[in-house]
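The residues making up each chain are set out below.
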Amino acid sequence: MDFSFTREHELVKQLMKQFVDNEVRPIAAEIDETERFPLETIEKMAKYGIKGMSFSSQYGGSNTDYISYVIAVEELAKACCSTACIYAVSTGLVAAMIEKFGNEQQKQKYLPGLLAGTSIGAFALTEANAGSDASAQQTVAKDMGDYYLLNGSKTFITNAGYSSVYIVMAMTDKSKGVKGISAFLVEKDMEGFSIGKIEEKCGVRASSTGELIFEDVKVPKENLLGKEGKGFNIAMAGLDGGRISIATQALGLAEGALDEAIKYVKERKQFGKPIGKNQGLQWYIAECATKIEAGRALLYKAAWLKQAGLPYGKEAAMAKFYNSELAMEVTIKALQMHGGYGYTKDYAIERMFRDAKITSIYEGTSEVQKIVISRHILDL
Ligand SMILES: Cc1cc2nc3c(=O)[nH]c(=O)nc-3n(C[C@H](O)[C@H](O)[C@H](O)COP(=O)(O)OP(=O)(O)OC[C@H]3O[C@@H](n4cnc5c(N)ncnc54)[C@H](O)[C@@H]3O)c2cc1C
């Protein structure tokens, strides 16, 4: 067994720390406050080669391994969960799904832009009446010979309005249930496709979350991703990987929050000494640090399994479930250690606390992760 990072991983971590300190942390509070999508950061990421992490150079990737991608998301989330979320959906979910399920023509068409930072991707599964039960899709794609006619809507879609390409799940044959769902690559300029309500959120406020509306959108046949009727499998496979990304965001958030608390309890004095000299707060620090190590081990094991080409669905769900609950616990404790100041916008912990909650909701709630984990274990 070897728990250490390779030289390449250490270099990626160093590069990410530099990038985060120079480009991400300085604007994290402002983009949260103003709900500004940080397009410039995504472009800069591409220049550093961060966007192409874990993709082959054939499509403009930086040829690093999957663990390097996880390190990148972790470092981003330590400072700004919105940025980590935008990046993870566009790269770790959308580009990865196109790489895995797309044909050569689709890969050539979409991957270079996504990896170069000139385009952003979105993944559209959720509908008003198809949340945790993603099989209840009502968006319909009717085969019209040369094209599919897409009608319906999606809700809560990350990167809505900023993406060039959307992976959209729709029913091609309602009578077949989940086996009648197919995946499509829908481009932003296709006639009949529009963006509806953009949500005003509690956390990850700089990432856009919105509604997609499809009114008689003619989707060319060549934009079918994978085979007709395989959309649900494609979505679920994508989400297995996506869950590693969310588990990573959650871990990064927890680590970032603990760093803030450690700094604060050493500086802040009450009763004539740093508050960190009190055993009560020392125990908070010890508990958080220990659980973070446990969450780290779960996450990197899932990432290692994925990288090794081994089954990783159960471990990805475990890592997401554990780390997202952990992110909430650590941010609450870290805020508590800041006292009243932690409740103000003068300290980053207030934003981290708000950002943490989403990690136990998107890409499958904690309850859904428990369903996934128990299905793997019980095999019923
Ligand atoms: C900021 C944000 C970004 C998002 N980004 C995307 C995106 O990019 N693409 C996308 O497709 N979706 C996205 N989503 C949607 C997200 O994945 C869903 O919100 C989530 O899956 C839950 O669905 P729901 O909101 O409809 O809740 P519901 O399914 O209505 O669930 C409500 C509650 O009931 C519980 N529940 C439901 N069924 C069960 C059950 N069988 N057993 C136990 N408990 C259950 C849930 O766990 C939850 O606590 C995003 C959501 C948000 C808020």
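As the structure is a computational prediction, the values presented were derived from the model and not from experiment.

### Description of a nonpolar patch on the surface
Then, in step 1: A surface patch of nonpolar side chains, amounting to about 400 Å² of accessible area, comprises Ile377, Leu378 and Leu380.
Then, in step 2: Following the sequence through the fold, Leu380 ends up in the segment after α10 (366–378).
Then, in step 3: Given the relative accessible area of 93%, Leu380 is considered exposed.

### Digging into the packing of aromatic side chains
For any pair of aromatic rings, the description consists of the separation of the ring centres together with the inter-plane angle of the planes.
Then, in step 1: Applying the stated criterion across every chain yields a total of 10 aromatic pairs.
Then, in step 2: Here Tyr66 and Tyr69 contribute two aromatic rings whose centre-to-centre distance is 5.5 Å and whose plane-to-plane angle is 35°, an arrangement assigned as tilted. A residue pair is termed a helical-turn pair when its members lie 3 or 4 positions apart in one helix, as Tyr66 and Tyr69 do in helix α3 (residues 66–79) at 3 residues.
Then, in step 3: Look at Tyr69 and you get buried, because its relative accessible area is 2%.
Then, in step 4: Relative to Tyr87, the ring of Tyr69 lies with its centre 5.7 Å away and its plane at 40°, an arrangement referred to as tilted. Here Tyr69 is found in helix α3, whereas its partner Tyr87 is found in helix α4 (residues 81–101), with 18 residues between them in sequence. Tyr87 carries the same exposure label as Tyr69, and that label is buried.
Then, in step 5: Each member of the aromatic cluster is reached from another via a ring pair, and the members are Tyr66, Tyr69 and Tyr87.
Then, in step 6: In this structure, Lys221 packs its charged tip against the face of Tyr148, placed 5.1 Å from the ring centre.
Then, in step 7: Positioned above the aromatic ring of Tyr66 is the side chain of Lys306, whose terminal nitrogen or guanidinium carbon lies 4.7 Å from the ring centre.

### Some details on the domain arrangement of the chain
Then, in step 1: The domains assigned to the chain are domain 1 (7–120), domain 2 (122–230) and domain 3 (233–378).
Then, in step 2: The gap between the C-alpha centroids of domain 1 and domain 3 is 20 Å.
Then, in step 3: Interface of domain 1 and domain 3: buried area, both sides summed, is about 2,200 Å²; carbon and sulfur atoms make up 61% of it.
Then, in step 4: Contact with domain 3 buries surface across domain 1, with Tyr66, Glu74 and Cys81 losing the most and accounting together for 27% of the total.

### A few points about the UniProt feature "domain: Acyl-CoA dehydrogenase/oxidase N-terminal" (unreviewed entry) in the chain
Then, in step 1: Here, UniProt's "domain: Acyl-CoA dehydrogenase/oxidase N-terminal" (unreviewed entry) annotation points to residues 6–117.
Then, in step 2: Segment residues 6–117 splits into 76% helix and 0% strand. End C-alpha atoms: 27 Å apart.

### Describing the pattern of salt bridges
Then, in step 1: Enumeration over the complete set of coordinates arrives at 24 salt bridges.
Then, in step 2: The salt bridge partner of Lys188 is Asp189, with a shortest N-O separation of 3.5 Å.
Then, in step 3: Residue Lys188 is classed as partly exposed on the basis of its relative accessible area of 43%.
Then, in step 4: Under the relative-accessibility criterion, Asp189 is labelled exposed at 64%.
Then, in step 5: For Asp240, the salt bridge goes to Arg243, with nearest N and O atoms at 3.9 Å.

### Thoughts on the site of the ligand
Then, in step 1: As a structural note, the neighbourhood of the ligand is formed by 18 residues, with Phe123, Thr126, Ser132, Thr365 and Glu367 the closest of them.
Then, in step 2: In the model, an oxygen atom of the ligand is placed 2.7 Å from a nitrogen or oxygen of the Glu367 side chain.
Then, in step 3: When isolated, the ligand has an accessible area of 970 Å², and the protein chains bury 63% of it.
Then, in step 4: The site holding the ligand turns out to be the largest pocket.
Then, in step 5: Secondary structure elements with two or more residues in the shell around the ligand: β1 (121–124), β3 (147–158) and α10.
Then, in step 6: Counting residues per element, the shell around the ligand draws most heavily on β3, at 3 residues.
Then, in step 7: The residue inventory of the shell around the ligand, partitioned by class, reads 9 nonpolar, 6 polar and 3 charged.
Then, in step 8: Both domains that furnish three or more residues to the shell around the ligand are identified here as domain 2 (122–230) and domain 3 (233–378).

### Details of the layout of surface pockets
Then, in step 1: As a volume, the largest pocket reaches approximately 1,100 Å³.
Then, in step 2: Thr126, Ile361, Tyr362, Glu363 and Gly364 are the residues nearest the centre of the largest pocket, which is lined by 39 residues in total.
Then, in step 3: Considered class by class, the residues forming the lining of the largest pocket number 19 nonpolar, 12 polar and 8 charged.
Then, in step 4: When its volume is computed, the second largest pocket comes out at roughly 520 Å³.
Then, in step 5: Lining the second largest pocket are 14 residues, with Asp2, Phe3, Tyr300, Lys301 and Trp304 sitting closest to its centre.

Conventions used here
Residues numbered from 1 in each chain as written. Predicted model: local features only at pLDDT ≥ 70, side-chain atom pairs only at ≥ 80, totals over all residues. Heavy atoms only, no water. Patch = residues over 30% accessible without salt bridge, like charges linked within 9 Å, V, L, I, M, F, W, Y side chains within 5 Å. Areas by Shrake-Rupley, 256 points an atom, 1.4 Å probe, with all protein chains shown as cover. Salt bridge = Lys/Arg side-chain N within 4 Å of Asp/Glu carboxyl O. Helix = DSSP H or I, 4+ residues; strand = E, 2+ residues; numbered from the N terminus. Buried < 20%, exposed > 50% of the residue type's maximum accessible area, 1.4 Å probe, protein only. Phe/Tyr/Trp six-rings, centres within 6.5 Å; stacked < 30°, edge-to-face > 60°. Lys NZ or Arg CZ within 6 Å of the ring centre and 35° of its normal. Domains from an automatic or database assignment. Buried area = accessible area lost by both parts, 1.4 Å probe. UniProt positions renumbered as here; feature names shortened; annotations may be inferred. Near = heavy atom within 4 Å. Polar contact = N/O pair within 3.5 Å; in protein donor to acceptor, adjacent residues only side chain to side chain. 1 Å grid on protein atoms, 1.4 Å probe; cavity = no way out; pocket = protein on both sides within 12 Å on 5 of 7 lines; lining within 4 Å. Sits in = over half its atoms within 2 Å of the grid points. Nonpolar A, V, L, I, M, F, W, Y, C, P; charged D, E, K, R; others polar. Points joined across faces, edges and corners; volume = space filled by probe spheres on them.

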